[in-house]
Amino acid sequence: MAPEEGGLGRKITIGVCVMEKKVFSAPMAQILERLEAFGEFEIICFGDKVIVEDSIESWPLCDCLIAFYSSGYPLEKAEAYAALRKPFLVNELEQQHLLHDRRKVYERLEMFGIPVPRYALVNREVPCQELDYFVEEDDFVEVHGMRFWKPFVEKPVDGDDHSIMIYYPSSAGGGMKELFRKIGNRSSEFHPEVRRVRREGSYIYEEFMPTGGTDVKVYTVGSEYAHAEARKSPVVDGVVMRNPDGKEVRYPVLLTPTEKQMAREVCIAFRQAVCGFDLLRCEGRSYVCDVNGWSFVKNSHKYYDDAACVLRKMFLDAKAPHLSSTIPPILPWKVNEPIQPCEGLTRQGSGIIGTFGQSEELRCVIAVIRHGDRTPKQKVKLKVTEERLLNLMLKYNGGRPRSETKLKSAVQLQDLLDATRMLVPRTRTGRESDSEAEDFEHAEKLRQVKAVLEEGGHFSGIYRKVQLKPLKWVKVQRSNGEGEEERPIEALMVLKYGGVLTHAGRKQAEELGRYFRNNMYPGEGTGLLRLHSTYRHDLKIYSSDEGRVQMSAAAFAKGLLDLEGPLTPILVSLVSKDSSMLDGLDNASIEMEAAKARLNEIITSSVKPENGNGLSEFPWMVDGAGLPSNAFQLLPKLVQLTKKVTEQVKLLVMDEDEKLSSTGSYDVIPPYDQAKALGKTIIDVDRIAAGLPCGSEGFLLMFARWRKLERDLYIERKERYDITQIPDVYDSCKYDLLHNAHLNLEGLDELFKIAQLLADGVIPNEYGINPMQKLKIGSKIARRLLGKLLIDLRNTREEAIGVAELKNNQDEHTKPTKAAKDDTDYQLKPQTKNDDGRRSSTTSEKSMDQDDDDDKETKYRLDPKYANVRTPERHVRTRLYFTSESHIHSLMNVIRYCNLDESLQGEDSLVCHSALERLYNTKELDYMSYIVLRMFENTEVPLEDPKRFRIEMTFSRGADLSPLENDSQAASLHQEHTLPIMGPERLQEVGSYLTLETMEMMLRPFAMPAEDFPPPSTPQGFSGYFSKSAAVLERLVNLWPFHKHGHANGK
């Protein structure tokens, strides 16, 4: 029989019926010590022997029982004891059985209306059982008609099996990441070769939720208290972040009102007062993806205080309601509590241009960055009449004889490779006569297609694509004899390949990410990582659709956030694709063609171009500025040297053919795993030592590259130069000087010097022959990007003003008493106001954030009571845009020439005169070149003063160093096939002050208006999971609910 409840002078007994390993854990010990310190409770620990061996009748009697399952725990026995003695249960026992089956967990969550990721169940009675409702294709699985595109998550239904898999799409490189319980410093492992799902048991398949690389763990103590911590997600790189004491780094964060209600519902649904669960924050919504049962926070004295106070109230209310559960003014254990050191984050000055005073704080970092070093982009065009290829086209275009088809998936490219292998002759025959030249050329192109498709050993789908377009048709009798049908008899095959991020490109991007981490956030240094983990760093990374750009973005993120491991998981977790903003030149194609035509006229004409702008004192104002005066005279030499290099590469191909044919292994590909190559930042030493080209390019493809340049640069039958090929010749020269110097191609260095002279003039002028045309073309190409940059800056300003006003208002309010303050520290009342009810956005506000739901992120905040951070209100927005050369040139042209527009006549340029001269002399914005806008807030200036917000602009030429440079640093980098990235240069004079107001005025005429940003599109492939929402959450109310003296329900 239980002792008399709440008797005078008798303590309430608390039975701790859990395995000893859990009793002696630091959090449990800390909380039980605090409960004892109140003097109202007697703690009785049952011990393993009693729990496992003794009968329940002999177990100690208690008023309240702490009992929960762990490995080796007899849960049914504990249930029988509770039924016999009827103590007050902190966590009910029957419901704990649910936690061992993920199916039942999700079912229970849905029953209580708690959001979970979209999921489906695959139940097998025996291993490898075939199920008619389960379909697996290359990039998706389908369960009962519900399709899950990669990336998706595969979880065993057994809640105690922690082997969870994430499968990645071929468009991101493919592969699988296995998540598991922490082993040392690892919590996951990436397997690039695994592409098929498991079939050994029953699994849950669910949508992958991109959470920005951070997971949230929530710990409840009763239904009205919840503590949340952020940690680095294992899906990013699988490396556990640990502090100097070896403990995993976690940062307490604030829950939103909706999340607080979810925590309450989880407690009630599973009848577990002390409960841990996993929260995924994705695109402004939160989802519960796992419920763990009894869990305590580690290493937080404030949490131990709160948990002891809440449990005390729980026990007193249950067993001695007549006693007061008010918290004492001074907690009994406070006298001896160790004081935790306080870490401060320094105030921000301007790190690059110069300090503007300690009152300035960095608010925003926006960078537009070109991708890293790549292989030359290539294209093969050939007309095909072979039945196998025509049938393949019909197979993938739905049997429509006049429709083109695009082949990009692994299955499609494998089909094409199989067909091409059947058509390519096994040996080369020399050209017997001119009449056979066409057949010989066709066979050589087919051989090239075969070589490209075989490159890398498998298809990742990120760098190769084939287009088949029907050209001729005939009518044939239908197979069933009923009438006629059309059949294609000739099609155009276009294979695009190359442009692959090299090992050097990945290394450059990673290095630049590290540079940004240490230099773009003044006063932070490695503290940027802490800023990011605590949700005070609002980071978004965007990329164009091109593989080299996506992988550059992922490598940069790896360096910026100090991640480890392969790029594919980082790409999928952190990078959003936005091709409409960062891809394509269609909007300015007419103007660019006109610029190229005028450029060709200037180069091939002996007449010196006139200055149509009347500003001859500025050399950059002349048509065709930057072109060498003897450009036309350099062209014959360029053609001659190109032929010389091509002939040498042809000899290397013939040597390779002889070796392969003599061994009878012509079709054997030298081993080269492109999946592993994507993860390298160093050269393939074995290939170099064997005298092979660097990377996956063989001699055949290298020869095809140079032969195409030779033919296209000078068209002999028309006796005409094609100046648009000059950048491609320069590109190939630079690539081979850097990556294939060991092949010792004679004349390559001389060819590079001439090609560089010409390219330095041609490339900038392709984006406009004079400043006015550059401005027009730039504004068309970068219009959407410019609009997005202005939205980023405006949102940052509005948020900063909102925070400042909120703080000012709070400072005016009277502070509550000490007792009330302590009460609000741990009482966590559910928010009664619905999230939707808090939306108060006008039409203009909506349009400003249609692009990326920035405000959804800003409501996630650090909880200062636990976090040991002096400035929890500190918040930095980072937006990174990875793109190609065209968008870097376009954006720079608008920034430097915007004042030439009629609407801005009389305004000074945003770029100072000395910087305009530097830009004129900067002929190339090379790999990893970038433009950075940083916004600072001067907190001592009134809110309405335009000088409250200052913009700093810098740019870098990127890896703009000649491979022929001979200095010692460059020489060591050449050994690694890498060029250094130039440091940032100022676009403003030291001491100048560019306000946000001025920046907006100057760029607005060329930017897409905020209201023109379209509504969100339907998700497609993995990029769909980064889709945008047209909704705007309120910016200024409850944005920073972190003050201890705020409203109780705003905690």
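Quick note: structure is the one above.
Residues numbered from 1 in each chain as written. Predicted model: local features only at pLDDT ≥ 70, side-chain atom pairs only at ≥ 80, totals over all residues. Heavy atoms only, no water.

S.K.: Would you explain the overall build of the protein in this entry?
M.R.: Across its full length, the protein holds 32 helices and 32 strands. Of all 1051 residues assigned to the protein, the portion counted as buried reaches 57%. Accessible area of the protein: about 44400 Å², with a carbon and sulfur share of 50%. (Helix = DSSP H or I, 4+ residues; strand = E, 2+ residues; numbered from the N terminus. Buried < 20%, exposed > 50% of the residue type's maximum accessible area, 1.4 Å probe, protein only. Areas by Shrake-Rupley, 256 points an atom, 1.4 Å probe, with all protein chains shown as cover.)

S.K.: Mind showing me how you'd approach the state of the cysteines here?
M.R.: As used here, a disulfide is simply a covalent bond connecting the sulfur atoms of two cysteines. Summed over the entire model, instances satisfying the criterion amount to zero disulfides. Looking at Cys 17, it has no disulfide partner, and the nearest cysteine sulfur is the one in Cys 62, 8.2 Å off. Since its relative accessible area comes to 0%, Cys 17 is described here as buried. (Disulfide = S-S within 2.5 Å.)

S.K.: Explain the pattern of salt bridges here, please?
M.R.: By the definition in use, this model includes 57 salt bridges. A salt bridge links Arg 506 to Glu 510; its shortest N-O distance comes to 3.1 Å. Highlighted residues: Arg 506 and Glu 510, both in helix H11 (residues 503-519), separated by four residues, approximately one helical turn. For the pair Arg 506 and Glu 510, one class covers both residues: buried. Each of Arg 506, Glu 510, Glu 511, Arg 514 and Lys 558 takes part in a single network of salt bridges with overlapping partners. (Salt bridge = Lys/Arg side-chain N within 4 Å of Asp/Glu carboxyl O.)

S.K.: Can you help me understand helix H7 (residues 301-319) in this one?
M.R.: The periodicity of an α-helix, 3.6 residues per turn, causes residues three or four places apart in sequence to face the same way. Taking 1.5 Å per residue, 19 residues should reach 27 Å; H7 reaches 27 Å between its end C-alpha atoms and fits that length. Of all the 19 residues making up H7, 16 are buried; the element is thus mostly covered by neighbouring parts of the structure. (Expected span 1.5 Å × (residues − 1).)

S.K.: Is there a simple way to think about the sheet that holds strand S11 (residues 176-183) in this case?
M.R.: Pairing between the strands of a sheet comes from backbone hydrogen bonds, and it takes one of two forms, parallel or antiparallel. Taken in spatial order, the six strands line up as S5-S13-S9-S10-S11-S12 in an open sheet, and their pairing is antiparallel. Of all strands in the sheet, those with a lone pairing partner are strand S5 (119-122) and strand S12 (186-191), marking the two edges. If you compare each strand with its neighbour and ignore which way they point, the axes differ by 20 degrees on average. Bridge analysis of S11 against S12 gives five bridges, and the strand direction is antiparallel. Residue pairing across strands places Met 176 opposite His 191, the latter belonging to S12. (Pairing = 2+ DSSP bridges. Axes fitted to C-alpha atoms, helices over the stretch in contact; angles between N-to-C directions.)

S.K.: Would you explain the packing of helix H16 (residues 589-604) against helix H22 (residues 748-766) in this entry?
M.R.: Helix-helix packing is described using two parameters, namely the angle between the two axes and the distance between the axes. Running from N to C, H16 and H22 point in directions that differ by 150 degrees, and their axes come no closer than 9 Å. On the basis of the axis angle, H16 is roughly antiparallel to H22. Note on packing geometry: the crossing formed by H16 with H22 is right-handed. Taking contact as the criterion, the partners of Met 592, Ala 595, Lys 596, Leu 599 and Ile 603 in H16 are, on H22, Val 762, Asn 765 and Glu 766. For the contact of H16 with H22, the class distribution of residues is five nonpolar, one polar and two charged. (Parallel < 35°, antiparallel > 145°, perpendicular 65-115°, else oblique. Left-handed = near helix turned anticlockwise from the far one by under 90°. Contact = heavy atoms within 4.5 Å. Nonpolar A, V, L, I, M, F, W, Y, C, P; charged D, E, K, R; others polar.)

S.K.: Can you walk me through the pairing of strand S24 (residues 537-543) in this structure?
M.R.: Looking down a regular strand, the side chains alternate between one sheet face and the other. Taken across its seven residues, S24 has six buried, putting it largely inside the fold. Note that S24 and strand S28 (residues 876-883) share seven bridges and pair parallel. For Ile 541, the partnering residue across the bridge sits in S28 and is Leu 880. Two strands pair when backbone bridges link them, and S24 and strand S25 (residues 575-577) are joined in this way by three bridges, in the parallel orientation. From the neighbouring strand, Ser 543 faces S25, where its bridge partner is Lys 577.

S.K.: What is the right way to look at the packing of aromatic side chains in this model?
M.R.: Here a ring pair, both rings aromatic, is described through the centre-centre distance and the interplanar angle of the planes. Overall, the coordinates contain 25 aromatic pairs when judged by the stated rule. Here the aromatic rings of Phe 152 and Tyr 167 are separated by 5.4 Å at their centres, their planes lie at 40 degrees, and the arrangement is tilted. With Phe 152 in strand S9 (residues 152-156) and Tyr 167 in strand S10 (residues 164-167), this residue pair connects regions lying 15 residues apart in the sequence. By the burial criterion, Phe 152 is buried, and Tyr 167 matches it. (Phe/Tyr/Trp six-rings, centres within 6.5 Å; stacked < 30°, edge-to-face > 60°.)

S.K.: Even after reading the chapter, I still don't get the nonpolar core, so can you show me in this structure?
M.R.: Side chains that are nonpolar tend, in soluble globular proteins, to be buried together. In this structure, Tyr 881 and Met 953 are the most contacted members of the largest nonpolar core, which totals 47 residues. Elements supplying a minimum of two residues to this core: strand S19 (360-370), helix H15 (579-582), helix H24 (783-812), helix H29 (885-897), helix H30 (913-921), strand S29 (930-938), strand S30 (949-956) and helix H32 (996-1003). Contacts of Met 953, omitting those with residues within four sequence positions, involve Ile 895, Leu 910, Val 911, Val 932, Leu 933, Glu 985, Arg 986, Leu 987, Gln 988, Leu 994 and Met 999. (Core = buried A, V, L, I, M, F, W, Y, C linked by side-chain atoms within 4.5 Å.)

S.K.: Could you clarify how one ought to interpret the environment of Met 654 in this entry?
M.R.: Examined against the element boundaries, Met 654 turns out to sit in helix H17 (residues 631-663). Judged by relative accessible area, which is 42%, Met 654 ranks as partly exposed. When the C-alpha atoms of Met 654 and Phe 699 are compared, they prove to be 9.1 Å apart, with 45 residues separating the residues in sequence.

S.K.: Can you help me understand helix H13 (residues 547-560) in this one?
M.R.: In a regular helix each residue adds 1.5 Å, so 14 residues correspond to 20 Å; H13 covers 20 Å between its end C-alpha atoms and thus fits that length. Among the 14 residues in H13, 14 count as buried, and that is most of the element.

S.K.: Even after reading the chapter, I still don't get the sheet that holds strand S4 (residues 88-89), so can you show me in this structure?
M.R.: One open sheet holds the four strands; their spatial order is S2-S1-S3-S4, and the pairing between them is parallel. Each edge of the sheet is formed by a strand with only one pairing partner; in this case those strands are strand S2 (41-45) and S4. Across five bridges, strand S1 (residues 12-17) lies against S2 in parallel orientation. Of the residues in S2, the one forming a bridge with Val 16 is Cys 45.

S.K.: What am I meant to see in the packing of helix H23 (residues 771-781) against H29 here?
M.R.: Direction vectors running N to C along H23 and H29 enclose 125 degrees, while the axes themselves pass 8 Å from each other. Classified by the interaxial angle, the pair formed by H23 and H29 is oblique. Classified by chirality, the crossing of H29 by H23 is left-handed. Contact residues: Pro 771, Lys 774, Leu 775, Gly 778, Ser 779 and Ile 781 in H23; Ser 886, His 887, Ser 890, Asn 893, Val 894, Arg 896 and Tyr 897 in H29. Residues that form the contact of H23 with H29 fall into these classes: five nonpolar, six polar and two charged.

S.K.: Help me understand a positive patch on the surface in this model?
M.R.: Taken together, the side chains of Lys 379, Lys 381, Lys 406, Lys 408, Lys 465 and Lys 496 define a basic patch exposed on the protein surface. Here Lys 381 lies in strand S20 (residues 377-384). Lys 381 gets classed as partly exposed once you look at its relative accessible area, which sits at 47%. (Patch = residues over 30% accessible without salt bridge, like charges linked within 9 Å, V, L, I, M, F, W, Y side chains within 5 Å. Lys, Arg positive; Asp, Glu negative; His and termini not counted. Charge placed at Lys NZ, Arg CZ, Asp CG, Glu CD.)

S.K.: Would you mind showing me how to read the environment of Ala 915 here?
M.R.: Relative to the helices and strands, Ala 915 is located in helix H30. Put simply, Ala 915 and Arg 986 are 71 residues apart on the chain and 7.0 Å apart in space, counted from C-alpha to C-alpha.

S.K.: Just checking my understanding: could you explain the side chain of Gln 725 for this structure?
M.R.: Its place among the elements puts Gln 725 in the loop between strand S27 (720-721) and helix H21 (726-739). Assessed through its relative accessible area of 11%, Gln 725 is described here as buried. Setting aside chain neighbours within four positions, we find Gln 725 in contact with Leu 709, Asp 712 and Leu 713.

S.K.: Where do I start with the side chain of Glu 490 in this structure?
M.R.: By secondary structure assignment, the location of Glu 490 is in strand S23 (residues 484-498). This buried residue, Glu 490, is left without a salt bridge; Lys 472 holds the nearest opposite charge, at 4.1 Å. When near neighbours in sequence (up to four residues on either side) are disregarded, Glu 490 contacts Lys 383, Val 384, Thr 385, Leu 390, Pro 470, Leu 471 and Lys 472.

S.K.: What is the right way to read the environment of Tyr 542 from this model?
M.R.: The residue Tyr 542 is located in strand S24 in this model. Tyr 542 sits in the buried class, given a relative accessible area of 2%. As a C-alpha pair, Tyr 542 and Thr 883 span 341 residues in sequence and 8.6 Å in three-dimensional space.

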